[in-house]
Amino acid sequence: MKNLFILFLAFYVNHALADGDPSLEDLLDTGLLNPSRNVDASTASKFSQRIQNAPSAVRVLSHDDIAEYGYRTLGEILRSLPGLDTSYDYVNTFLGARGVAIPGDYNTRVLILIDGIRLNNNVFDSALVGNEFPLDVDLIDRVEYAAGPGSAIYGNNAFFGVVNILTRGASSLRGAEASLEYGSFNTHKLRASVAKRLDNGAEYLLSASQFYRGGPSTTAYMDYSVVAPDFKGSAAIDYEINNNIFAKFSIGGLQLTGVFSNREKGNPVLMNFTNDQLLIMNGKSVASSQHAFVGMSYEFSLFNDWNFQTRLNYHEEEYQGSNPFYFDPTSMFIAKEDAIGRWWDGEFQVVNNRLEGHKILLGAEGRLNVEQSWRSYIEGWDSQVNRQQSSQRFAAFTQDEISINDQLTFIAGARLDHTEFGSNINPRLGLIWNPQDKTNFKLLYGSAFRNPNFFEQTQNEANFFHVANAEKINTIELAAEYYFSPSTKFNSSLYHYRMSDLIGQANYETGLVYLNLEEIKSIGWETELEQRFKNGLQAKLAYSLQRTTIAGHEVFNSPRHMLNFKFSVPLFDSHWKLASELRYLSGREIFFGHLDPQWLGDMSLNGELNKNFSISLTAHNIGDVSYREATRIANYDSFSAKQDGRDIRLKLNVRY
């Protein structure tokens, strides 16, 4: 709290704001929810290029889009995009992509970046997207999602796609800003931010936020459990506390970035008393995590056609789990889990366009894992699993964007990764055809890999089971985009992939292990239609159809149909908007069960009372629908978890 008070003090004393460049929304004011294909994006190729020339189906959501629809987490932003969905197991939020959403895989198959800095850690390979995400969504300037395999540029984890979160700067935040939120389940959030552009061109941004959620008065656990006779206190334990700090400074081509976050999530302790009764016992399960990184990047040019970029980052991440359990109603033991990751990563790349008709990328990347450790034990017992190591990995990559003529572009690239599991070479090919200004076609091929992470290795070694092989995927995709008019856009992607050696969980003689499964095949179609009407109404319909199979059977937790319809309409005047989103997921099989189809709706009302004061009211699951999502372990009554009902939140935002 002390950090927040300091920032609020800065909010009131920081009066001056130098004139800055126009914001992203000023530059991209096309009226469509997604910006024009002629807007630049950098995620697909690691350098800025027109979306129409990117070797991927790139989708972009801006800060205004995020605020308009009342998205509260990165997961909510991503699940609005075709082919992506999320699930929550009372502790973490997991991301599924293109038919693969294995509960408990810690989001290892999508690479997530903040301003180009890799977040996936060196213990679990995870970068979680719920409230665990270390950046406040109010600080997001735009989210770029490059669908499909990206290992030809990014290496490990860029399996189904790459998400890059670009943060706001002084030109977007424009001074000091504070927000206060209060809502259902005893939820409140406080944020204070300050940003400024100095006379010498330097910019800085400093922000801190605190989030607290007390949880519902009657938790989902109470649907199938009873309070133990000697229980003390409240049985409704489902709380969460998050603190985030973000800082950024830039001058010329130099940028310094720092992030710190900590989180605590609490849940009740349950015990099987008899075959037909589950007791809520004394104690609580607590999952705590901390994530911090500092990064430096520098961009410069030589001779007008040589553009260089270098990065150096240092990360620390820790996790502590405390899980009481009972053998009988009077004997409590506490299972502990600790994980620590510390690592450096660096990168150097150069883009050259001296050769006519070519744009050539050359780069090298490395990671030094200073510490990777995971420990599991029971307090007071001698036995434990304790493994530590350090490791390193290096890579070199290249890509050439060849302009054959005004309409046709050919892209070829590849990356060589050398890791503790050997070497991997992943190519990328793309043929892009722009027959006219309003039409774009892309034929794309790419491969990707994912090594077994440190945690998966440790689990197998502790149970005397061989370490799994790396996962590999080959994908071919045909993407098309067509503008019927400046206010009507249609895009569509048809893809097919084959995945070998998928790493899955299994119960072995001595415990949980990770092993390679049979080949997975998938064919899918993702499409969007977006329209802006003359009265200011905007609407977008997104639909995903896929069938993902293993050994001829559909993969668990793989919805065949996903639909997302969103619209926004101005009210009273252009300073007020009503926005709504309707989501549908088809029914799907899970471990020992089935999830019913889901129809869920959210609504958001946003208004500006004046240029410095805005207000929003959001309602998630506005229909108070009772639904469940898949979990990684048996949740006593099933491999699924009942989700929250209607969740209303009021937000006040002040700028100065």
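Residues numbered from 1 in each chain as written. Predicted model: local features only at pLDDT ≥ 70, side-chain atom pairs only at ≥ 80, totals over all residues. Heavy atoms only, no water.

Peer 1: How do you make sense of the side chain of R588 when you look at a structure like this?
Peer 2: Mapped onto the secondary structure, R588 falls in strand β33 (residues 588-590). A distance of 3.3 Å separates a polar atom in the side chain of R588 from the backbone oxygen of S586. Aside from chain neighbours lying at most four places away, what touches R588 is N557, S558, P559, H594, L595 and Q598. (Helix = DSSP H or I, 4+ residues; strand = E, 2+ residues; numbered from the N terminus. Polar contact = N/O pair within 3.5 Å; in protein donor to acceptor, adjacent residues only side chain to side chain. Contact = heavy atoms within 4.5 Å.)

Peer 1: Got a minute to help me understand the pattern of salt bridges in this structure?
Peer 2: Proximity of charged atoms lets side chains of opposite charge pair with each other. A full pass over the atoms with the stated rule returns 47 salt bridges. The partner of E554 in a salt bridge is R560, with the nearest N and O atoms 2.2 Å apart. Its salt-bridge partner being D602, residue R583 comes within 2.7 Å of it at the nearest N-O pair. Here R583 is found in strand β32 (residues 573-585), whereas its partner D602 is found in strand β35 (residues 598-610), with 19 residues between them in sequence. (Salt bridge = Lys/Arg side-chain N within 4 Å of Asp/Glu carboxyl O.)

Peer 1: For this particular structure, what's the right way to read the confidence of the model for the protein?
Peer 2: Detail in the predicted coordinates should be disregarded across regions flagged by low pLDDT. For the protein, mean pLDDT is 90; residues scoring 70 or higher make up 93% of the total. The element-level mean pLDDT for the protein is lowest in helix α1 (residues 2-13), coming to 37, with strand β9 (residues 161-167) highest at 98. Low confidence marks residues 1-31, where pLDDT is under 50. Its contacts with residues over four positions away, or in another chain, come to 61 contacts. (pLDDT = per-residue confidence, 0-100.)

Peer 1: Is there a simple way to think about the nonpolar core in this case?
Peer 2: In globular proteins that are soluble, nonpolar side chains generally tend to be buried together. The biggest cluster of nonpolar side chains holds 48 residues, and the ones touching the most others in it are L78, I112, V143, F160, I165 and M499. At the level of elements, α4 (74-78), β5 (93-97), β6 (110-114), β8 (140-147), β9, α6 (170-173) and β25 (488-500) are the ones that each hand at least two residues to this core. Counting residues per element, this core draws most heavily on β8, which supplies four residues. Residues contacting V143, with those up to four places away along its chain left out, are R59, V60, L61, I66, L74, I77, L78, V163, N164 and I165. (Core = buried A, V, L, I, M, F, W, Y, C linked by side-chain atoms within 4.5 Å. Buried < 20%, exposed > 50% of the residue type's maximum accessible area, 1.4 Å probe, protein only.)

Peer 1: So what exactly am I meant to see when it comes to the environment of Q538 here?
Peer 2: Within the secondary structure, Q538 is located in strand β29 (residues 538-550). Separated by 360 residues in sequence, Q538 and A178 have C-alpha atoms that sit 29 Å apart.

Peer 1: Whenever I open this one, the sheet that holds strand β7 (residues 117-118) confuses me. Can you help?
Peer 2: Note: strands within a sheet are paired through backbone hydrogen bonds, in either parallel or antiparallel orientation. On the basis of which strands lie adjacent, the open sheet formed by five strands has the order β3-β8-β9-β6-β7 and mixed pairing. At either margin of the open sheet sits one strand with a lone partner, and together these are β3 (58-62) and β7. (Pairing = 2+ DSSP bridges.)

Peer 1: Looking at this model, I keep getting lost on the pairing of strand β10 (residues 175-183). Mind explaining?
Peer 2: It is a general feature of regular strands that their side chains alternate between the two faces of the sheet. Burial of β10 is extensive: seven of the nine residues sit out of reach of the surface. Bridge analysis of β10 against strand β11 (residues 187-197) gives nine bridges, and the strand direction is antiparallel. Directly across from L180, in β11, lies its bridge partner L190. Connecting the antiparallel pair β10 and β11 is a turn made up of three residues, with F185 showing a positive phi of about 60°. Note: β10 against strand β39 (residues 647-655), seven bridges, orientation antiparallel. Paired with G183 across the two strands is R649, which belongs to β39.

Peer 1: Explain a nonpolar patch on the surface to me, please; I cannot follow it from the model alone.
Peer 2: Side chains of I404, L431, L443, I476, L478, L494, I523, W525 and L545 sit close together on the surface and give an oily, nonpolar patch of about 780 Å² of accessible area. Mapped onto the nonpolar patch, the elements with two or more residues apiece are β24 (471-485) and β28 (520-532). Topologically, L545 is positioned in strand β29. (Patch = residues over 30% accessible without salt bridge, like charges linked within 9 Å, V, L, I, M, F, W, Y side chains within 5 Å. Areas by Shrake-Rupley, 256 points an atom, 1.4 Å probe, with all protein chains shown as cover.)

Peer 1: Explain the packing of aromatic side chains to me, please; I cannot follow it from the model alone.
Peer 2: Aromatic ring pairs: the centre-centre distance and the angle between the two ring planes describe each pair. What the rule picks out here adds up to 30 aromatic pairs. Between the aromatic rings of Y106 and F455, the centroid separation amounts to 6.3 Å while the plane-to-plane angle is 80°, which identifies the pairing as edge-to-face. Of this pair, Y106 sits in the loop between β5 and β6 while F455 sits in helix α7 (residues 454-462), and the two are 349 residues apart along the sequence. Here Y106 and F455 have matching classes, each one buried. Considering the side-chain rings of Y584 and W599, the 4.5 Å spacing of their centres and the 40° angle between planes classify their relative orientation as tilted. (Phe/Tyr/Trp six-rings, centres within 6.5 Å; stacked < 30°, edge-to-face > 60°.)

Peer 1: Help me understand the pairing of β28, please; the structure alone is not making it clear to me.
Peer 2: As defined by bridge partners, β25 adjoins β28 across 12 bridges and the pair is classed as antiparallel. Along β28, the bridge assignment pairs K489 with E530. Across 13 bridges, β28 lies against β29 in antiparallel orientation. Among the inter-strand pairings, E526 is bridged to a residue of β29, identified as S544. Counting the residues in the hairpin turn of β28 and β29 gives five residues, including G536, whose phi is positive at 95°.

Peer 1: Which parts of the structure should I look at to understand the environment of R72?
Peer 2: Topologically, R72 is positioned in the loop between α3 (63-68) and α4. Not counting the four nearest positions on each side in its chain, R72 is found in contact with V137, T618, A619, H620, D647, I648 and R649.

Peer 1: Teacher, can you tell me more about α7 here?
Peer 2: Given 3.6 residues to a turn, an α-helix orients residues that are three or four positions apart in the same direction. Among the nine residues in α7, seven count as buried, and that is most of the element. The complete set of buried residues in α7 reads F454, F455, E456, Q457, T458, Q459 and N460. The elements touched by buried residues of α7 are β18 (331-352), β19 (358-378), β20 (384-403), β23 (439-450), β26 (503-508) and β27 (511-516). One or two positions beyond α7, positive phi appears at F464, with a value near 55°.

Peer 1: Would you take a moment to explain the side chain of K336 for this structure?
Peer 2: Within the secondary structure, K336 is located in strand β18. A distance of 2.9 Å separates polar atoms of two side chains, one belonging to K336 and the other to E379. Here K336 is in contact with G321, S322, R375, S376, Y377 and E379, once residues within four sequence places are set aside.

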